[in-house]
Amino acid sequence: MEQRVRVLIDCEDAKGLVYKISKVFYDRDLNIDNNREFVDKEQGKFFMRTVVSGTFDTEELTNALKEVAPSTANLQVIEPKRKKIVILATKESHALGDILIRHEAGELDADIEAVIANHDILETLVRRFDIPFFKVSAEGMSREEHEELVMRLIDEQEFDYIVLAKYMRILTPNFVSSYAKKIINIHHSFLPAFIGANPYKQAHERGVKIIGATAHFVTNDLDEGPIIAQDVIPVNHRFEWRDMQRAGRDVEKIVLSRALNIVLNDRVFVHGNKTIVF
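Since this is a predicted model, take the numbers as computed values, not measurements. (Residues numbered from 1 in each chain as written. Predicted model: local features only at pLDDT ≥ 70, side-chain atom pairs only at ≥ 80, totals over all residues. Heavy atoms only, no water.)

A. Examining the overall build of the chain more closely. Along the backbone of the chain there are eight helices and 13 strands. Principal-axis analysis of the C-alpha atoms places the extent of the chain at approximately 60 × 40 × 35 Å. Within the chain, buried positions represent 47% of all 278 residues. Counted over contacts in the chain with a minimum sequence separation of 6, partners at least 24 positions apart contribute 66%. (Helix = DSSP H or I, 4+ residues; strand = E, 2+ residues; numbered from the N terminus. Buried < 20%, exposed > 50% of the residue type's maximum accessible area, 1.4 Å probe, protein only. Contact = heavy atoms within 4.5 Å.)

In structure tokens, the structure reads:
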């Protein structure tokens, strides 16, 4: 029976890698449906994402690729399938609502396992889509105590990624390290500018002519994790900071959706604090 897989390889660059990898597919009479590669010449790193189809044994194909790739290569052979996500939210509905609508319309290549929030304001919205909602109040708790409860809920779910849909709490190093490269955040500014609280007010005071949004993987450096997607929209002197905030919410949800599409389709490599997106 015909199969289809995504092959992701990153390794030290070497002469003939594209030829050697492609020959593995050719020798097994596989069809290359899509192929992209990139060499970071400064770091001497090679990245390649290939979608192949045909009749093959996945384990045998993986072993054959390992034989031609450098011994230190990171190699993944991934069967395309719907991934699972858990969403963390607080009070704002625009990013969460957009994800819920796309999920309902079949535009999100993932299943939403649960929404967890530290307030109950969004519960009615979430339950309209028959998605499990859990409130974990942070009132009277330390950040660590609250996160312990949230992590217990997360770990009860089967998931590939955690999505912060305007989750307005700073995560502890323990939380971040527990889900390394699995947490995706949307930040309401064009990073690295205007980091932290109220970026639209910061942008207004600076007199900017564009505002934007950044989706990134979360690291312990606040709002400085590897960037997945960004976009901007024009503004002018007539915009008060609240006008910028309203306009910015539209670009936030679009950028988050774009980033999710990239990640859910295995189109991103994390390289240090940067990403290569195919």
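B. Just unusual backbone geometry, in detail. In this model, Asp29 sits at a positive phi of 60°, which is unusual for a non-glycine residue. By the element assignment, Asp29 lies in the loop between α1 (17–27) and β2 (31–40).

C. Quick peek at the packing of aromatic side chains. With the rule as written, the count across this model stands at five aromatic pairs. Arranged with centres 6.4 Å apart and planes meeting at 25°, the rings of Phe38 and Phe47 form a pair that is stacked. Classification of Phe38 as partly exposed rests on a relative accessible area of 37%. The exposure class of Phe47 is buried, given its relative accessible area of 0%. (Phe/Tyr/Trp six-rings, centres within 6.5 Å; stacked < 30°, edge-to-face > 60°.)

D. Quick peek at helix α3 (residues 94–104). Every buried residue of α3 is accounted for by His94, Ala95, Leu96, Gly97, Asp98, Ile99 and Leu100. For α3, the elements touching its buried residues are β5 (83–89), β6 (110–117), α4 (123–127), β8 (161–164) and α8 (241–264). Positive phi shows up at Gly106, right after α3, with a value of about 80°.

E. Inspection of the nonpolar core at higher detail. If you look at the biggest cluster of nonpolar residues, it comprises 36 residues, and the most contacted ones within it are Ile85, Ile87, Leu96, Ile99 and Ile112. It is α8 that contributes the most residues to this core, eight residues altogether. Among all residues touching Ile112, those that are not within four sequence positions of it are Ile85, Ile87, Ile99, Leu100, His103 and Ile131. Listed in part, the 19 residues of the second largest apolar core include Ile21, Phe25, Phe56 and Leu61. (Core = buried A, V, L, I, M, F, W, Y, C linked by side-chain atoms within 4.5 Å.)

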